[in-house]
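# What the coordinates show
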Amino acid sequence: MNIIVTIKQVPDPDIPPSHFKVDEATNKVVPPAGVAPVMNGYDGNALEAALKLKEENGGKVTVVTLGGSEARDTLKRAIAMGADAAVLIDDPDLRDGDSYTTALALARAIDKVGEYDLVLCGRQASDTDAGQVPLGVGELLGIPTVSPAIGIEATDGHLKVNRMIEDGHQVLDVPLPALVAVSSEIGEPRYPPLRGIMMAGRAQIPVWTAADLGLDPSAVGTGARKTRLRRLYVESREAQCELVEADSPAEAGAALAQKLREAKLI
Amino acid sequence: MPNGVMIVAETAEGSLAPISAELSGVGRALADELGQTLTAVLFGSGIGGLGEELAALGADRVLLADDDALSEYQGDAYLAVLERIVREHAPEILLLGQTPNLRELAARLAFRLETGLTTDCTSLRLEDGVLVMTKPVFGGSAIAEYVVDDARPQMATIRPRAFEPATPQASRQAEVQPVAVSLDGVVRTRVLETVKEAATSGPRLKDAKTVVSGGRGLGGPENWKYVEELAETLGAAVGATRAVTDAGWVPASHQVGLTGVTVTPDLYVTVGVSGAVQHIAGCSGARNIVAINKDPDANIFKHARFGVVGDYRQVVPALTEAIKALRG
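Everything numeric in this text was worked out from a predicted model, so none of it was measured.

### Things to note about the overall build of chain A
- For chain A, the count of helices and strands is seven helices and 15 strands.
- Taken over the C-alpha atoms alone, chain A extends approximately 70 × 45 × 40 Å along its principal axes.
- Per-residue burial over chain A gives 52% buried out of 266 residues.
- Taking the contacts inside chain A whose residues are at least 6 apart along the sequence as the reference set, 71% of them involve residues at least 24 apart.

Rendered as structure tokens:
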């Protein structure tokens, strides 16, 4: 079973909030000094699911990302974990794209990799938390698309997918090829073994531009985007918290109960 | 000719789900401000009786996709029916709930229609007739405002419990129309089985109105009882940070955060929680956060409405007793 996994590099969600800054002039996050970006958490889960399916069924796992050259680090981590090949899509026209242009580039890249049975993605990225790109890629490829999955089992040209619903899960029969976006319940990503890390160091990672994907700048640039980020800002949170003070911690606890009653919260 | 605001309501156990009233509230307000109509769409089987309820919540027109094949969510089927409805009615604005089913439907539909969608919105407003869609990003560390410039409809999904539900008015009338459902050749995935989660004691974390969460600041699993006793007194669900579930103090299913459950309670009480982005991502939708932590610089205080700086071993038992006393 040949599997393509889409991966995004994101700012480390474990950075202390005090280090989180936004440049409001450009609507961009200021990368915090000394904190390296990481593989999006759900994408790590997707890669783990892909590696398990490969171990059970054979085949090849290819990872694809869209990003700047710094995203190579995340692709190398994927190879170290066990991916067989990696592709970096890097083009100035595609940077800061919206879900639409990003999904378009990924779908074209998946077509160019070719011969896939399954596309696996993380259900959403921890930066924009939108969860749109995987579903868009599935639509653009015109293949069955399911999100968010908490379990996948391969059976003879089909998948049995457990899909999360409000109060439990659905068990779906999904014909291949298909796209499945996974949630963390599917399994924690493995740590790269030493041998993998050494292989990743030697791995050649091709770089594809929009033109390599047959995409004209007008198809993916600013004008092609459907959604525009108009403003990005950090909410001022100082002094919003009313601190309940008293002579002792116990009295503060009792006073807090009173406050909650006055605010009709209990 | 502007074609108004459309919402896609949802059912739960044969009744309208709470998100339907929330969509009705914000949808009605936007339609009134635009001077346009509000249309509500509902999927299901045997849902004829719910048309009047959607009218009472504010819809001018209700479209019922009532068919045995739609009795439960099947992505391909719902997508085919909704795509046809939206192409026919061409609304300016289309709103759905950020629920496990309709968030999937919304994103797939946006790509089919080649329009823009903002998911998980916590606020929607009009500026010069354009919908400004606001949502927390980077785990709640920042707020983003999006607009859809040219494409239509402007699509958004709304975070559950982030918007005031509409109050039903029995006097309101709407035109209730059935929608023709034809699914020839569209359904590719098949639902083999639907497994409902076993009901646990106490409210479920993800839709609890009150949640008490504990963090690493509790020191060890032997102190978890402080969280549980407070939760029991409040009738609250119990949550935890990733550090706590990773350490095995409580099962992973209690984890609130980026890689855990997202909660949106009215009251979210944290004990010994520092407020890492990872955790805030899962609780930033709470209406009121209360922080009990001995570190006055803990990030959680920046998100809290009420806070106590002090040792939880004294604060929490006193709080628990005082709540019992207040409730008599």
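That shown, we press on.
### Side note on the interface of chain A and chain B
- With 67 residues of chain A in contact, the opposing surface of chain B contributes 71 residues.
- Top contributing element to the side of chain A that touches chain B by residue count: helix H7 (residues 249-262) of chain A, with 10 residues.
- Of the residues belonging to the side of chain A that touches chain B, the class tally is 35 nonpolar, 15 polar and 17 charged.
- Examined bridge by bridge, strand E15 (residues 242-243) of chain A and strand E18 (residues 306-309) of chain B share two bridges and lie parallel to one another. Looking at the pairing, Leu243 of chain A lines up with Gly307 of chain B of E18 of chain B.

### Concerning the nonpolar core
- Counting residues in each nonpolar core, the largest one holds 191 residues, and the members touching the most others are Ala105, Leu120, Val137 and Val180 of chain A together with Leu42 of chain B.
- Beyond its immediate chain neighbours, meaning those up to four positions away, Ala105 of chain A contacts Leu66, Ile89, Leu94, Ala210, Leu213, Leu215 and Val220 of chain A.

### Observations concerning the domain arrangement of chain B
Residue and element names in this part refer to chain B.
- Once the domains are mapped, chain B shows domain 1 (5-178) and domain 2 (205-327).
- Of note, the centres of domain 1 and domain 2, computed from C-alpha atoms alone, are 32 Å apart.
- With nine residues of domain 1 at the contact, the number on the domain 2 side is eight residues.
- Class assignment for the residues of the side of domain 1 that touches domain 2 results in three nonpolar, four polar and two charged.

### As for the pairing of strand E6 (residues 61-66) of chain A
Residue and element names in this part refer to chain A.
- With six of six residues buried, E6 is to be regarded as a mostly interior element.
- Examined bridge by bridge, strand E1 (residues 3-7) and E6 share five bridges and lie parallel to one another. Bridge pairing in E6 places Ile4 opposite Thr62.
- Here five bridges tie E6 to strand E7 (residues 85-89), and the two strands are oriented parallel to one another. The partner of Leu66 across the bridge, within E7, is Ile89.

### Some words on the domain arrangement of chain A
- Taken domain by domain, chain A comprises domain 1 (3-224) and domain 2 (235-266).
- A straight line from the C-alpha centre of domain 1 of chain A to that of domain 2 of chain A covers 43 Å.

### Focus: the sheet that holds E18 of chain B
- Spatial strand order, E15(A)-E18(B)-E17(B)-E16(B)-E14(B)-E15(B): six strands in an open sheet with parallel pairing. Each end of this open sheet is capped by a strand with a single partner; those strands are E15 of chain A together with strand E15 (237-240) of chain B.
- Lying on the sheet, helix H5 (residues 224-234) of chain B is in contact with strand E14 (210-214), E15 and strand E16 (267-271) of chain B; it crosses E14 of chain B at an angle near 175°.

### A closer look at helix H1 (residues 18-34) of chain B
Residue and element names in this part refer to chain B.
- Compared with an ideal rise of 1.5 Å per residue, which puts 17 residues at 24 Å, H1 spans 25 Å between its outermost C-alpha atoms and is within 8% of the ideal.
- Those residues of H1 not exposed but buried are Ile19, Ser20, Ala21, Glu22, Leu23, Ser24, Val26, Gly27, Arg28, Leu30 and Ala31.
- For H1, the elements touching its buried residues are strand E1 (5-8), strand E3 (15-16), strand E4 (38-44), strand E6 (93-97), strand E8 (123-127) and strand E11 (154-158).
- With its phi angle positive at about 70°, Gly35 sits one or two positions after the end of H1.

### Here's the deal with helix H3 (residues 99-113) of chain A
All names here are of chain A.
- Relative to the 21 Å expected for 15 residues at 1.5 Å per residue, H3 spans 21 Å between its end C-alpha atoms, a close match to the ideal helical length.
- Residues of H3 that are buried include every one of Ser99, Tyr100, Thr101, Thr102, Ala103, Leu104, Ala105, Leu106, Ala107, Arg108, Ala109 and Ile110, and no others.
- Once H3 ends, the next one or two residues include Gly114, with phi positive near 75°.

### Examining the environment of Gly97 of chain B
Residue and element names in this part refer to chain B.
- Positionally, Gly97 belongs in strand E6.
- As a C-alpha pair, Gly97 and Pro18 span 79 residues in sequence and 10.0 Å in three-dimensional space.
- Ignoring anything within four residues of it in the chain, the contact list for Gly97 reads Glu10, Ile19, Leu23, Leu102, Thr157, Ile158 and Pro160.

### Quick look at unusual backbone geometry
- With omega at -10°, the peptide bond leading from Ser147 of chain A into Pro148 of chain A counts as cis.
- Looking at where Pro148 of chain A falls in the secondary structure, it is placed in strand E9 (residues 145-155).
- At Asp129 of chain A, a position not held by glycine, the phi torsion is positive, near 50°.
- Mapped onto the elements, Asp129 of chain A comes out in the loop between strand E8 (118-122) and helix H4 (133-141).
- At Glu13 of chain B, a position not held by glycine, the phi torsion is positive, near 55°.
- Structurally, Glu13 of chain B is set in the loop between strand E2 (11-12) and E3.
- Taking the number of C-beta atoms within 10 Å as the measure of exposure, Glu13 of chain B has 6 and is therefore exposed.

Quick notes on the rules
Every residue gets a number counted from 1 within its own chain, in the order that chain's sequence is written. Ligands are numbered from 1 and chains lettered from A, in the order in which they are written. Where local features are concerned, this predicted model is filtered to residues with pLDDT of at least 70; where side-chain atom pairs are given and counted, the filter is 80 or more; whole-chain, interface and lining totals use all residues. In this description a helix means any DSSP run of H or I spanning at least four residues, a strand means any run of E spanning at least two, and both kinds are numbered starting from the N terminus. Neighbour counting defines burial: a residue surrounded by 20 or more other C-beta atoms within 10 Å of its own C-beta is buried, one with 12 or fewer is exposed, and intermediate counts give partly exposed, using backbone-placed C-beta atoms. Whether two residues are in contact depends on their C-beta atoms, placed from the backbone: they are in contact if these lie within 7 Å. In this classification, Asp, Glu, Lys and Arg are treated as charged, Ala, Val, Leu, Ile, Met, Phe, Trp, Tyr, Cys and Pro as nonpolar, and every other residue, Gly included, as polar. Two strands are said to pair when DSSP picks up at least two bridges between them. Nonpolar cores are identified as sets of buried Ala, Val, Leu, Ile, Met, Phe, Trp, Tyr and Cys residues joined via C-beta atoms within 7 Å. Residue ranges for the domains originate in an automatic or database domain assignment. To define axes, lines are fitted to C-alpha atoms, for helices over the stretch in contact only, and angles between the resulting N-to-C directions are given on a 0 to 180 degree scale. To estimate the expected span of a helix, subtract one from its residue number and multiply by 1.5 Å.

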